[in-house]
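Structural description and commentary
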Amino acid sequence: MGKVCVFFGTGYEEIEALTVVDLLRRAGITVETVSITGEESVESSHGISVKMDKMLADVDFGEVDMIVLPGGMPGTKNLETCEPLMKQVDAFYQAGKNISAICAAPSILGHRGMLKGKKACSFPSFESHLEGAEVTENPAETAGNIITGRGMGCAIDFGLAIVEKLQGKEQAAALAEKIVYKHYK
């Protein structure tokens with residue numbers, strides 16, 4: 001397995017982004033935080049700056065197994081207007097590679113036609129953007145190579161769904177037990 005990259009635009013939701021990073025690192029999965037801003041530190045929607053591992057221009061997407069798009073505003077809009085990132089999201093989708101998005105960010109996938117005929121979830125006020133999806137209220141949904149999450153309160157479920165996709169259900173369940181998370185399916 002290569003790695004997972006979590007992409008940060010100004011105004012990201014820190015819990016959604018960093019919970020995924022934390023859980024994947026606990027699971028032994030290589031994960032990199034990536035700035036789309038060109039700046040080493042990216043500020044969240046709540047004014048928390050986090051130092052990134054890498055800049056978007058330095059990512060070798062041939063080594064990346066999954067793209068993760070955290071929500072937050074205006075973070076989601078900033079991700080969606082980042083053409084180099086969207087080019088890679090489209091390439092991953094075309095190649096059947098893994099893409100994950102939580103909260104408002106699944107709207108990006110909906111706008112790009114990637115959710116048609118798939119179960120998906122998002123923050124409630126963004127459900128209308130999940131074009132063609134079978135919208136659910138589950139904390140996280142896995143539909144083939146796409147994982148969506150509902151929001152900040154579902155960040156652990158979303159992160160565990162990613163672990164399950166990459167390492168299997170037993171590994172995800174073991175991690176849930178290790179972090180004393182009782183709600184994992």
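Right, let's walk through the structure included here.

Reading the values: the criteria
Residues numbered from 1 in each chain as written. Predicted model: local features only at pLDDT ≥ 70, side-chain atom pairs only at ≥ 80, totals over all residues. Heavy atoms only, no water. Pairing = 2+ DSSP bridges. Helix = DSSP H or I, 4+ residues; strand = E, 2+ residues; numbered from the N terminus. Contact = heavy atoms within 4.5 Å. Axes fitted to C-alpha atoms, helices over the stretch in contact; angles between N-to-C directions. Buried < 20%, exposed > 50% of the residue type's maximum accessible area, 1.4 Å probe, protein only.

Considering the sheet that holds strand S10 (residues 140-143)
Across the sheet, which stays open at both edges, the 7 strands sit in the order S5-S2-S1-S6-S7-S11-S10 with mixed pairing between neighbours. Two strands close off the open sheet at either side, each with one partner strand: strand S5 (54-55) and S10. Of the pairings in the sheet, the one linking strand S1 (residues 3-8) to strand S6 (residues 64-69) comprises 4 bridges and is parallel in character. Bridge assignment links Lys3 to a residue of S6, and that residue is Val64. Of the strands in this sheet, S1, S6, strand S7 (98-102) and strand S11 (146-149) are in contact with helix H3 (residues 83-95), which crosses S6 at around 125°.

Topic: the environment of Thr76
Here Thr76 is to be found in helix H2 (residues 75-80). Accessibility expressed as a relative area gives 1% for Thr76, which makes it buried. C-alpha separation for the pair Thr76 and Cys103, spaced 27 residues apart in sequence, amounts to 8.9 Å. Leaving out residues up to four positions away in the same chain, Thr76 has contacts with Pro70, Gly71, Ala104, Ala105, Ser107 and Ile108.

Some details on the pairing of S1
If a strand is regular, its side chains alternate between the two faces of the sheet. Of all 6 residues in S1, 6 are buried, a share of seventy percent or more. Side chains Lys3, Cys5 and Phe7 project from S1 onto one buried face, and the interleaved Val4, Val6 and Phe8 project onto a second face that is buried too. Sheet topology note: the S1/strand S2 (residues 31-35) ladder contains 5 bridges and is parallel. For Phe7, the partnering residue across the bridge sits in S2 and is Val34.

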